[in-house]
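Geometric and topological summary
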Amino acid sequence: MDKPRVPFRQFVVKLHSRCDLACDHCYVYEHADTSWRGKPRAASETVLRRTAERIAEHAKAHRLNAVHVVLHGGEPLLVGPVGIRRAAEILTRELSDVCALDLRIHTNGVLLSERFLDVFDAFDIKVGISLDGDRVANDRHRRYADGRSSHHQVLAAIALLDRPEYRHLYAGLLCTIDVLNDPVAVYDALLELNPPRIDFLLPHATWDQPPPRPDGRPSPYADWLLTIYDRWQRQGRPVPVRMFDSVRRTLDGLSSLTESLGLDPADLVVVETDGTLEQADSLKTAFDGAPVTGFDVFKDSLDAAAGHPGMLDRQLGLAALSGQCQACPVVRSCGGGLYAHRYRTGAGFNNPSVFCPDLMALITGVEARVAAETRQAGGGGGAGADLLTDEQLGELAAGYGGAGTVRAMARAQLELNRRLLAQVWQQAAGDRTVTAAWELLTGLDETAPAAVDQVLAHPYTRAWAVRCLSGGSADSGGIAEVAAAAAVRAARADGDRTSGAAAGVVVPVREGVLRLPGLGRVLLPGCREALVAPTADGFAVTADGATLRFDRHPGPDQDPRWQPLRRIEAPSGPFGPWSVLLEDTDPQRDAHQWPVAARLDPSEAGAWERGLAGAWEFVGTALPGYAEGLAAGLGMITPLRPAPGGRDISAAGRNAFGTVGIARPATAESLALLAVHEFQHVKLGAVLDFHDLFDPLDQRLFYAPWRPDPRPLEGLLQGTYAHLAVSEFWRARTRDQGLDEESARRAQLEFARWRGHTAEAVETLAESGSLTTLGERFAHAMRATVAPWLDEPVENWAVVAAQRSSEETRAQFLRTRQSGSMAGLGG
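Residues numbered from 1 in each chain as written. Predicted model: local features only at pLDDT ≥ 70, side-chain atom pairs only at ≥ 80, totals over all residues. Heavy atoms only, no water.

Some points on the overall build of the protein chain
In terms of regular secondary structure, the protein chain is built from 26 helices and 23 strands. Taken against the 2.2 N^0.38 rule, which gives 28 Å for 827 residues, the C-alpha radius of gyration of the protein chain at 31 Å falls within 12% of a compact globule. Seen through its principal axes, the protein chain has C-alpha atoms that stretch 100 × 65 × 50 Å. Nonlocal contacts in the protein chain, meaning residues at least 24 apart in sequence, comprise 72% of its contacts between residues at least 6 apart. For the protein chain, the computed accessible surface area is about 33700 Å², with 50% contributed by carbon and sulfur atoms. (Helix = DSSP H or I, 4+ residues; strand = E, 2+ residues; numbered from the N terminus. Rg over C-alpha atoms; globule rule 2.2 N^0.38 Å. Contact = heavy atoms within 4.5 Å. Areas by Shrake-Rupley, 256 points an atom, 1.4 Å probe, with all protein chains shown as cover.)

Focus on helix H20 (residues 602–622)
Taking 1.5 Å as the rise per residue, H20 with 21 residues should run 30 Å; its terminal C-alpha atoms sit 30 Å apart, in good agreement. Among the residues of H20, Ala-605, Gly-606, Ala-607, Trp-608, Gly-611, Leu-612, Ala-615, Trp-616, Phe-618, Val-619 and Gly-620 are the ones counted as buried. (Expected span 1.5 Å × (residues − 1). Buried < 20%, exposed > 50% of the residue type's maximum accessible area, 1.4 Å probe, protein only.)

Considering the pairing of strand S13 (residues 529–534)
Examined bridge by bridge, strand S10 (residues 505–508) and S13 share four bridges and lie antiparallel to one another. Each residue of the ladder has a partner; that of Val-506, found in S13, is Leu-531. Pairing analysis gives four bridges linking S13 to strand S14 (residues 538–543), with the strands arranged antiparallel. Looking at the pairing, Pro-534 lines up with Phe-539 of S14. (Pairing = 2+ DSSP bridges.)

Regarding the state of the cysteines
Throughout this description, disulfide means a covalent bond between two cysteine sulfur atoms. Going through the model one piece at a time under the given rule, you end up with zero disulfides. In this structure Cys-328 is a free cysteine whose sulfur lies 6.2 Å from that of Cys-356, the closest cysteine sulfur available. (Disulfide = S-S within 2.5 Å.)

A few points about the packing of aromatic side chains
One pass over the structure, following the stated rule, counts 20 aromatic pairs. Note on Tyr-229 and Phe-244: the rings are 5.2 Å apart at their centroids and 80 degrees apart in plane angle, and the pair reads as edge-to-face. Of the two residues, Tyr-229 is situated in helix H7 (residues 220–234) and Phe-244 in helix H8 (residues 242–251); the sequence distance between them amounts to 15 residues. Neither Tyr-229 nor Phe-244 differs from the other in exposure class; each is buried. A centroid spacing of 6.4 Å and a plane angle of 35 degrees characterise the contact between Tyr-721 and Phe-778, whose relative ring orientation is tilted. Linking Tyr-721 in helix H23 (residues 713–734) with Phe-778 in helix H25 (residues 773–790), this pair joins segments that are 57 residues apart in sequence. Each member of the pair, Tyr-721 together with Phe-778, is buried. (Phe/Tyr/Trp six-rings, centres within 6.5 Å; stacked < 30°, edge-to-face > 60°.)

Description of the sheet that holds strand S1 (residues 10–14)
The strand order S6-S5-S4-S3-S2-S1-S7-S8-S9 describes an open sheet built from nine strands, whose pairing is mixed. Two strands close off the open sheet at either side, each with one partner strand: strand S6 (198–201) and strand S9 (292–296). Averaged over all pairs of adjacent strands, the angle between strand axes in this sheet comes to 25 degrees, irrespective of strand direction. Relative to strand S8 (residues 276–278), strand S7 (residues 268–271) runs antiparallel, the two sharing two bridges. Bridge pairing links Val-270 to Glu-278 in S8. The strands that helix H2 (residues 80–95) touches are strand S2 (66–72) and strand S3 (100–107); relative to S3, the one it contacts most, it runs at about 160 degrees. (Axes fitted to C-alpha atoms, helices over the stretch in contact; angles between N-to-C directions.)

Remarks on the pattern of salt bridges
In the structure shown here, the tally under the stated rule is 51 salt bridges. A salt bridge links Glu-481 to Arg-515; the shortest N-O distance between them is 2.8 Å. Linking Glu-481 in helix H19 (residues 476–490) with Arg-515 in strand S11 (residues 513–516), this pair joins segments that are 34 residues apart in sequence. Of the two residues, Glu-481 and Arg-515, neither departs from the other in class, the shared state being buried. Here Glu-763 makes a salt bridge to Arg-783, at a shortest N to O gap of 2.8 Å. Remark: Arg-783 occurs in helix H25 and Glu-763 occurs in helix H24 (residues 741–766); sequence separation between them is 20 residues. (Salt bridge = Lys/Arg side-chain N within 4 Å of Asp/Glu carboxyl O.)

Notes on the sheet that holds S14
Spatial ordering of the open sheet is given by S10-S13-S14-S15, a layout of four strands whose pairing is antiparallel. The two strands at the open ends of the sheet, each matched to only one other strand, are S10 and strand S15 (546–551). The average undirected angle you get between the axes of adjacent strands in this sheet is 30 degrees. Relative to S15, S14 runs antiparallel, the two being bridged by six bridges.

What about the confidence of the model for the protein chain?
When pLDDT is averaged along the protein chain, the result is 88, and 93% of the positions lie at 70 or above. Every residue in residues 492–499 is under pLDDT 50, and counting partners more than four places away or in other chains gives 25 contacts. For residues 821–827, every residue scores under 50 in pLDDT, and the model assigns this stretch 15 contacts once sequence neighbours within four places are set aside. (pLDDT = per-residue confidence, 0-100.)

Remarks on helix H14 (residues 390–397)
Buried residues of H14: Gln-392, Leu-393, Leu-396 and Ala-397, and no others. The buried residues of H14 occupy an angular sector of 140 degrees when projected down its axis, which confines them to one face. Looking at the packing, one finds that the buried side of H14 touches helix H15 (403–428), helix H22 (668–690), H23 and H25. Trailing H14 by a residue or two, Gly-399 shows a phi angle of about 105 degrees, which is positive. (Arc of directions from axis to C-beta.)

Here's the deal with empty space enclosed by the protein
The tally for this structure, following the rule as stated, stands at three cavities of 30 Å³ or more. Considered as a void within the structure, the largest cavity measures approximately 70 Å³ in volume. Forming the boundary of the largest cavity are Lys-14, His-16, Ser-17, Val-28, Ser-35, Trp-36, Lys-39, Gly-73, Gly-74, Glu-272 and Lys-284. For the lining of the largest cavity, a count of residues per class yields two nonpolar, five polar and four charged. In this structure, the second largest cavity spans a volume of roughly 60 Å³. Every residue lining the second largest cavity is listed: Tyr-400, Gly-401, Gly-625, Tyr-626, Gly-629, Leu-630, Val-676, Phe-679, Gln-680 and Lys-683. Contributions of two or more residues to the lining of the second largest cavity are made by helix H21 (624–633) and H22. Class assignment for the residues of the lining of the second largest cavity results in five nonpolar, four polar and one charged. (1 Å grid on protein atoms, 1.4 Å probe; cavity = no way out; pocket = protein on both sides within 12 Å on 5 of 7 lines; lining within 4 Å. Points joined across faces, edges and corners; volume = space filled by probe spheres on them. Nonpolar A, V, L, I, M, F, W, Y, C, P; charged D, E, K, R; others polar.)

As structure tokens, this is what we get:
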């Protein structure tokens, strides 16, 4: 049999087929399917062992980095702590040499105790608890068979789970919606319990048994959810809400976090207590026997079950939906809703969701709110546009930007990088290598999100992603490099098994170099690929049958094949220390207009360390308005190859936030100038990612006083913004009483020149007629910054010389324009 298009990665293992509550909205016992009556009460050890063997077999065949197993029921705690431990032992033993195991349990919580939690702690079993809100809401459905409330017991269980020694096991709360409940009271009650995540679930229903719609309203479930969404948004989104996050992600073109939304293929199979393999449990609401496949773990492989028509139908995405759904404008967010909710007798599942009006109202409602957030931020839109306050935009408009402002920009850039990475993944979907790396990365994003963020924030992650997308072909190896670097960062002292990191990931070796973005590179000449796996203090690389082990922070006797990035800590000054990485290893760093330098030898690295220490001291004392932002946002410098003749060169990459390229100059003061100058370009580029400052349709070319060739409007804006810092640098030099005569005269001349150039360029921008309202604000603020400098005394000869230089540049510009050589210029 051919292998299925999408292997199973999620396994729901039923430990017990009965429940100690009698919830009247339960799809297992109260809806169409009655198969539970014929199932064994508890899964036997034989069933569990064979299930674990089948999962291991499947994971090995498909080279899965990790599998996700949910212990379920009925109520799984009915098997007792010993039964839970035995199931965990069997699963862990069978999968220990195959892949990582992410083990979870879903429970109503009423039996939860320290004995259970000690078992969960031993096997790192994450716990999700069902709770429908406050007592009034919860008692509407979640009662014992004799009518008693379960609310108090569940609250006690959650309090136990939230204790410091068990908090790491707390996965979140699941709440089934009843529109008769007060949405705010429900949300507030859940939020009070400090959950790591909240899941709101639509009640299971079909076209044969539609959901209640009080007062005949067309979309009461959307109304209920949007009431909570508005409160959640006003509070600053204090907790992840899977449904809301999924809508926002899918509107941005990213994957959904739940099977009830989006077009991602289903990868889940259920193992019943007798070992039979079934489709998703939610199908039990459709008709009696709906989830049945006819397969079981004793006689059939999981690949066989994956080939069942019902399984395949849920992997076809858009093609599996009804014609009405395919034509819907929100289909990529909605995905037709939960498969079970589409059922109608006679038409099967070829229908829209019975919640179609609610899904439409919810998605368009969230979309409208996201758009409103963007408009209120005064910007062009996109993820991150709402992260800058009006005050922060004011700081940036004047040419500066404190630590908080620059960190907000960095957060927006990180979100942009996430979106770009998701687009690369979508472009590469179907590549088996990409799938394995992506699975590892998404697992890490749940268990070690800070590690993933560090790699995605690496400046050349975006440069790589943009190259992939602009070139039209995905670089699957780049995804593996990102995943491997995140896994190494995420590794704990005892090894990270829950995320799949310990199993490692296969990474390409390009021209003898294995790239770990943000960490460094390993030289492996002659190799084509290598398996990278984290260790307690570093990582292991297996290539061509040999395994090498490296420390992330090696000592003086390090293996020369491992070339980590060097971190320089510039000593504390008035604004604290400045921590900078020297990036001389990443093949993607060639993102500037000048050639990059090769790996620095220890002597040159030492010269950089001394130069950066002096540069930071100068910035802190002479350019304090730039210091905070520089320390917060410029965390990396890419050494460039020295220019012929030794002239100073530097560059900022438009798609490399957080770094600049610099050829090390002769003095610390020059290094300070190059750093603040290029970081101005970085800051403005980040603003332009989310805010329109000018009309992009204006194709005119403009005079820039510092160069003879005409510039497009964005080029003029970038140059003007950068030269605010250049002007202020030379202004500070004119005040330095310790300069020799030649240096003092140069400072006078350069200050006179650059303040004049910058002021003239600001007026050209303001008079262009193409600035947006925010762009005009930037022009006005830049004018306000430079205007006082024009009144500061400068020696007359310097003013005359600066004017003469400006006139010569303008004459060259006019000759260029008259000769008709403007074609092809500007960029």
